[in-house]
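Chain residues, written in single-letter form:
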Amino acid sequence: GQCITTDGIGEIYVAGQTWSGDFPTTAGAFDTSFNGGTDMMDIFVTKMNAAGSALIYSTFLGGGQADTPSGLCLGSGGYIYLTGYTASDDFPTTSGAYIEENYLAEFGEGFITVLNSSGDDLYYSTYLVTQYGEEKCLGIALDSSEAAYVVGTTNSIDFPTTAGAYDTVHNGDIDTFVVKFNFSATPLEYSTFLGGVYFDKAQCIAVDSDKMAYVAGTTGSIDFPTTAGAFATTPVGGATEAFVTKLNQTGTGLVYSTYFG
């Protein structure tokens, strides 16, 4: 198990990885068969009752290569929003999704998937993939309109960004990305790089009532973007430091950004 949340009555939602073909699934679940090949792990998504004594539903999710969940949150009506990364060229996607095919399956690519409340179908599922590199989606949060804010890493110069976003140019090595995704025909409300010349790895994201995103992670960049008056505008020392960054509502600027180390 790698991600967990609960609902208002204490029911438990867990996502993780398994090598086991006999991992417990439930009748009628979205996928009751193990998909991974030799030494390849499948994702599982399981809902348990509040007492932890029974499965409400349990399903596999994945393709023939390694699939990894890294973020989970609960939407209205019991829908599960899941993000992570996959090497599978047959990871399940939905018709009309943002990117239905992983056209470079040898690289790990991100995904964003929404499982319906009964665990028997996908409401939405898409790759987040580029032509020239590797993406990992590492965290997800929802705002009051149930737009999803996804954070992760990319080494791709062609990662999709949006006009007017805070940073539309890859900065070097591995960059953080922050995406606001709305599950429509034009799903990217904003998409921006965040980082410096070396590695930058955001792993956590939260959204406030004003739809501003808060991102935390680690960086090895001495030029990671900070804001005037922030807690620490230069790295304190060591090869890796934490960072905390707040983006404005439109993803066009930083409200604050600081090293923390």
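This text gives an overview of the structure that appears in the document.

### Overview of the overall build of the protein
Then, in step 1: Within the protein, the regular secondary structure consists of 0 helices and 16 strands.
Then, in step 2: When the backbone C-alpha atoms are referred to their principal axes, the protein occupies close to 55 × 40 × 40 Å.
Then, in step 3: Within the protein, buried positions represent 52% of all 261 residues.
Then, in step 4: A total of about 10800 Å² of accessible surface is found on the protein, and carbon and sulfur atoms cover 51% of it.
Then, in step 5: Within the protein, one finds 6 positive and 29 negative side-chain charges whose respective centroids are separated by 11 Å.

### Things to note about the side chain of Asp167
Then, in step 1: Within the secondary structure, Asp167 is located in the loop between strand E10 (148–154) and strand E11 (175–181).
Then, in step 2: Among buried charged residues, Asp167 stands out as having no salt bridge; its nearest opposite-charge side chain is Lys201, 19 Å away.
Then, in step 3: Polar side-chain contacts of Asp167 include one of 2.9 Å to the side chain of Asn171.
Then, in step 4: In this structure Asp167 touches Thr161, Thr192 and Phe193, once residues within four positions along its chain are discounted.

### As for the side chain of Thr192
Then, in step 1: With respect to the element layout, Thr192 can be found in strand E12 (residues 188–194).
Then, in step 2: Apart from the residues lying within four places of it in its own chain, the contact partners of Thr192 are Thr161, Ala165, Tyr166, Asp167, Thr176, Phe177, Val178, Leu247 and Gly251.

### Comments concerning the sheet that holds strand E8 (residues 122–128)
Then, in step 1: Taken together, the 4 strands give an open sheet; going across it, the order is E5-E6-E7-E8, and neighbouring strands pair in antiparallel fashion. Across the chains shown, the open sheet's two edge strands, defined by having one partner strand only, are strand E5 (67–74) and E8. For this sheet, the mean inter-axis angle between neighbouring strands, taken without regard to orientation, is 15 degrees.
Then, in step 2: Direction of pairing for strand E7 (residues 109–115) relative to E8: antiparallel, over a ladder of 6 bridges. By the bridge assignment for E8, Phe111 is matched with Tyr127.

### Details of the packing of aromatic side chains
Then, in step 1: All told, the structure shown has 18 aromatic pairs when counted by the stated rule.
Then, in step 2: Taken together, a centroid distance of 6.0 Å and an interplanar angle of 75 degrees make the contact between Tyr98 and Phe181 edge-to-face. In this pair, Tyr98 is assigned in the loop between strand E6 (80–86) and E7 and Phe181 in strand E11, connecting sequence segments 83 residues apart.
Then, in step 3: The exposure class of Tyr98 is partly exposed, given its relative accessible area of 28%.
Then, in step 4: With a relative accessible area of 0%, Phe181 lands in the buried category.

### Observations regarding the environment of Asp175
Then, in step 1: For Asp175, the position within the fold is in strand E11.
Then, in step 2: On the accessibility criterion, Asp175 (0% relative accessible area) is buried.
Then, in step 3: When the C-alpha atoms of Asp175 and Ser209 are compared, they prove to be 27 Å apart, with 34 residues separating the residues in sequence.
Then, in step 4: Excluding anything up to four places from it in sequence, Asp175 contacts Gly152, Thr153, Thr154, Val169, His170, Phe193, Leu194, Gly195, Gly196 and Asp200.
Then, in step 5: A polar side-chain atom of Asp175 sits 2.8 Å from a polar atom in the side chain of Asn171.

### Considerations on the environment of Ala185
Then, in step 1: Mapped onto the elements, Ala185 comes out in the loop between E11 and E12.
Then, in step 2: C-alpha of Ala185 to C-alpha of Tyr98: the two residues are 87 residues apart in sequence and 7.4 Å apart in space.

### Concerning the sheet that holds E11
Then, in step 1: Here we have 4 strands laid out as an open sheet, ordered E9-E10-E11-E12, and antiparallel in their pairing. This sheet does not close on itself; its edge strands, each paired only once, are strand E9 (135–142) and E12. Strand-to-strand twist in this sheet, taken as the mean axis angle between neighbours without regard to direction, amounts to 20 degrees.
Then, in step 2: The pairing of E10 with E11 spans 7 bridges and is antiparallel. Paired with Val151 across the bridge in E11 is Val178.

### Focus: the nonpolar core
Then, in step 1: In this structure, Tyr81, Phe177, Phe181 and Phe183 are the most contacted members of the largest nonpolar core, which totals 19 residues.
Then, in step 2: Contributions of two or more residues to this core are made by E7, E8, E9, E10, E11 and E12.
Then, in step 3: If near-sequence neighbours (up to four positions away) are discounted, Phe177 is found in contact with Leu128, Lys136, Cys137, Val150, Val151, Gly152, Thr153, Thr154, Phe159, Thr192 and Phe193.

### Things to note about the pattern of salt bridges
Then, in step 1: Taken as a whole and judged by the stated rule, the model has 3 salt bridges.
Then, in step 2: A salt bridge links Glu11 to Lys47, with the shortest nitrogen-to-oxygen separation between them at 3.4 Å. Note that Glu11 is positioned in the loop between strand E1 (3–6) and strand E2 (12–18) and Lys47 in strand E3 (residues 42–48), a separation of 36 residues in sequence.
Then, in step 3: The exposure class of Lys47 is buried, given its relative accessible area of 10%.
Then, in step 4: Between Lys180 and Glu189 there is a salt bridge whose closest N-O contact spans 3.2 Å.
Then, in step 5: What emerges from the salt-bridge pattern is a single network uniting Asp143, Lys180 and Glu189.

Reading guide: rules and limits
- Residues numbered from 1 in each chain as written.
- Predicted model: local features only at pLDDT ≥ 70, side-chain atom pairs only at ≥ 80, totals over all residues.
- Heavy atoms only, no water.
- Helix = DSSP H or I, 4+ residues; strand = E, 2+ residues; numbered from the N terminus.
- Buried < 20%, exposed > 50% of the residue type's maximum accessible area, 1.4 Å probe, protein only.
- Areas by Shrake-Rupley, 256 points an atom, 1.4 Å probe, with all protein chains shown as cover.
- Lys, Arg positive; Asp, Glu negative; His and termini not counted.
- Charge placed at Lys NZ, Arg CZ, Asp CG, Glu CD.
- Salt bridge = Lys/Arg side-chain N within 4 Å of Asp/Glu carboxyl O.
- Polar contact = N/O pair within 3.5 Å; in protein donor to acceptor, adjacent residues only side chain to side chain.
- Contact = heavy atoms within 4.5 Å.
- Pairing = 2+ DSSP bridges.
- Axes fitted to C-alpha atoms, helices over the stretch in contact; angles between N-to-C directions.
- Phe/Tyr/Trp six-rings, centres within 6.5 Å; stacked < 30°, edge-to-face > 60°.
- Core = buried A, V, L, I, M, F, W, Y, C linked by side-chain atoms within 4.5 Å.

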